[in-house]
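If you want the building blocks of each chain, they are given just below.
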Amino acid sequence: MKNAVNGPSGTGRTEPRGAVDKALEVLAALSRPGGPHRLADLAEACDLPKPTTHRMLQTFADAGFAVGLGGGRYAVGPRLLGMSAAVLAARPAIRPILADLRRRTGHTVHYAVRHADLAVYVDKLEPDQAYRLNTRPGGEAPLYCTGVGRAILSRLSPQEVATVLDAAPLRARTPKTVTDPAEIRASLTTVDTLGYLVDDEQHEQHVRCVAAPVLAADGQVAGAVSVAGLTFTLPPDSYPTLGPLVAEAANRISAALSSSPVRLVPDED
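In what follows, the accompanying structure is described.

What counts, and at which threshold
- Residues numbered from 1 in each chain as written.
- Predicted model: local features only at pLDDT ≥ 70, side-chain atom pairs only at ≥ 80, totals over all residues.
- Heavy atoms only, no water.
- Helix = DSSP H or I, 4+ residues; strand = E, 2+ residues; numbered from the N terminus.
- Polar contact = N/O pair within 3.5 Å; in protein donor to acceptor, adjacent residues only side chain to side chain.
- Contact = heavy atoms within 4.5 Å.
- Expected span 1.5 Å × (residues − 1).
- Buried < 20%, exposed > 50% of the residue type's maximum accessible area, 1.4 Å probe, protein only.
- Arc of directions from axis to C-beta.
- Salt bridge = Lys/Arg side-chain N within 4 Å of Asp/Glu carboxyl O.
- Pairing = 2+ DSSP bridges.
- Axes fitted to C-alpha atoms, helices over the stretch in contact; angles between N-to-C directions.
- Parallel < 35°, antiparallel > 145°, perpendicular 65-115°, else oblique.
- Left-handed = near helix turned anticlockwise from the far one by under 90°.
- Nonpolar A, V, L, I, M, F, W, Y, C, P; charged D, E, K, R; others polar.
- Lys, Arg positive; Asp, Glu negative; His and termini not counted.

For Thr177, the location among the structural elements is in the loop between helix H7 (158-165) and helix H8 (181-188). A polar contact is formed between the side chain of Thr177 and the backbone nitrogen of Arg173, at a distance of 3.0 Å. Residues contacting Thr177, with those up to four places away along its chain left out, are Tyr144, Cys145, Arg171, Ala172 and Gln202.

Here we come to helix H3 (residues 50-63). For H3, which comprises 14 residues, the first-to-last C-alpha distance of 20 Å matches the rise-based estimate of 20 Å (1.5 Å per residue) to within 8%. Every buried residue belonging to H3 is among Thr52, Thr53, Met56, Leu57 and Phe60, and all of these are buried. Burial along H3 is one-sided: seen end-on, the buried residues are contained in an arc of 130°. The exposed residues of H3 that point more than 90 degrees off its buried face are Arg55, Thr59 and Asp62. Those residues of H3 hidden inside the fold are in contact with helix H1 (19-30), helix H2 (39-45), strand E2 (66-70) and strand E3 (73-76). Once H3 finishes, Gly64 follows within two positions and takes phi at roughly 90°, a positive value.

All right, on to the pattern of salt bridges then. Using the criterion set out here, one finds 15 salt bridges in the structure. The salt bridge partner of Asp41 is Arg38, with a shortest N-O separation of 3.1 Å. In this structure Asp41 comes out as partly exposed when scored by relative accessible area, which is 38%. Take Arg38: its relative accessible area is 44%, and that puts it in the partly exposed class. Two residues, Asp192 and Arg155, come together in a salt bridge whose shortest N-O distance is 3.1 Å. Here Asp192, found in helix H9 (residues 190-194), pairs with Arg155, found in the loop between helix H6 (147-153) and H7; they are 37 residues apart in sequence, far enough to count as distant. Note on Arg155: relative accessible area 29%, which makes it partly exposed.

Spatially, E1-E3-E2 is the arrangement adopted by the 3 strands of the open sheet, whose pairing is antiparallel. Of all the strands in the sheet, the pair left with one neighbour each is strand E1 (37-38) and E2. Where E2 meets E3, 4 bridges bridge the pair, whose relative direction is antiparallel. Bridging across to E3, Gly70 finds its partner in Arg73. Against the sheet, H1 touches E1, E2 and E3, its axis set at about 85° to E3.

Unlike most non-glycine residues, Ala116 shows phi in positive territory, near 55°. Along the polypeptide, Ala116 turns up in the loop between strand E4 (108-115) and strand E5 (118-125). The phi torsion at Glu201 lies on the positive side, around 60°, for a residue other than glycine. Mapped onto the fold, Glu201 is located in the loop between strand E7 (197-200) and strand E8 (207-215).

In this model helix H5 (residues 94-105) runs 17 Å from its N-terminal to its C-terminal C-alpha over 12 residues, within 8% of the 16 Å that 1.5 Å per residue would give. Here H5 has its buried residues at Ile94, Ile97, Leu98, Asp100, Leu101 and Thr105. End-on, the buried residues of H5 take up no more than an arc of 160°, which puts them together on one face.

Where H7 meets H8, the axes come as close as 11 Å, and the angle between the chain directions of the two elements is 135°. It follows that H7 is oblique to H8 by the angle criterion. Here the hand of the crossing between H7 and H8 comes out right-handed. Here Val161, Ala162 and Leu165 of H7 lie close against H8, whose contacting residues are Pro181, Ile184 and Arg185. Its residues assigned to classes, the contact of H7 with H8 comprises 5 nonpolar, no polar and 1 charged.

Assignment of secondary structure puts Asp199 in strand E7. Nearest to the buried, unbridged Asp199 among oppositely charged side chains is Arg150, at 5.1 Å. Engagement of the side chain of Asp199 in a polar contact is seen with the backbone nitrogen of Glu201, the distance being 3.5 Å. Setting aside its immediate chain neighbours within four residues, Asp199 contacts Cys145, Thr146, Gly147, Arg150, Val207, Arg208 and Cys209.

Here it is in structure tokens:
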């Protein structure tokens, strides 16, 4: 099972990129699994000339965000690793809740947050099973056709939903993908009545997931949690059992986020 990717960001968008956009794409590519990465592969992944990519990597290395390993290979640097560790340490209460949801359901569990019109997977916990889903922390997927994405959409304002659904025609990822904005909006109300919603092979064939939104202390959507599995392991008659468990986990994470805000600590002199 392999996700279709169009363009460096995987969104199919072709807007002109500024220098900062290009640099962030190189940094994101550098952080992908399978590193250290070759300069040529990073340049190809980001659709950039090798000299441009090399200059950016040298700048990252000078700042501690990348490390040159020789032979044209680069890895994530200590400053980027430190930032990632700090973000995870700021949310210590989330992972035990995700682990408990995995234990109670026996399915793969995801936690995702929003970036523009994408859901970005922040965490993934898998049970001991013979298969692995084609998702990873740091991976991106469209909001409109994923369980976590539509759970996030369900708690955005009408104006924010419009920016995601109405800006351009939505692409069908599978034969079951719903691309009609009105139909997608109608599906979002499932969260109001049930507390969760279902992605039935809309983003990836043979994969289903049940998802629910997570709210921050101010009531704004902070992300979404889901359980996912292959269709033969997650049949429709399991939704009434799994859905409330996912909604409960989302509520517990919401409460944890509300009681454990992230604090900015100034640099010491």
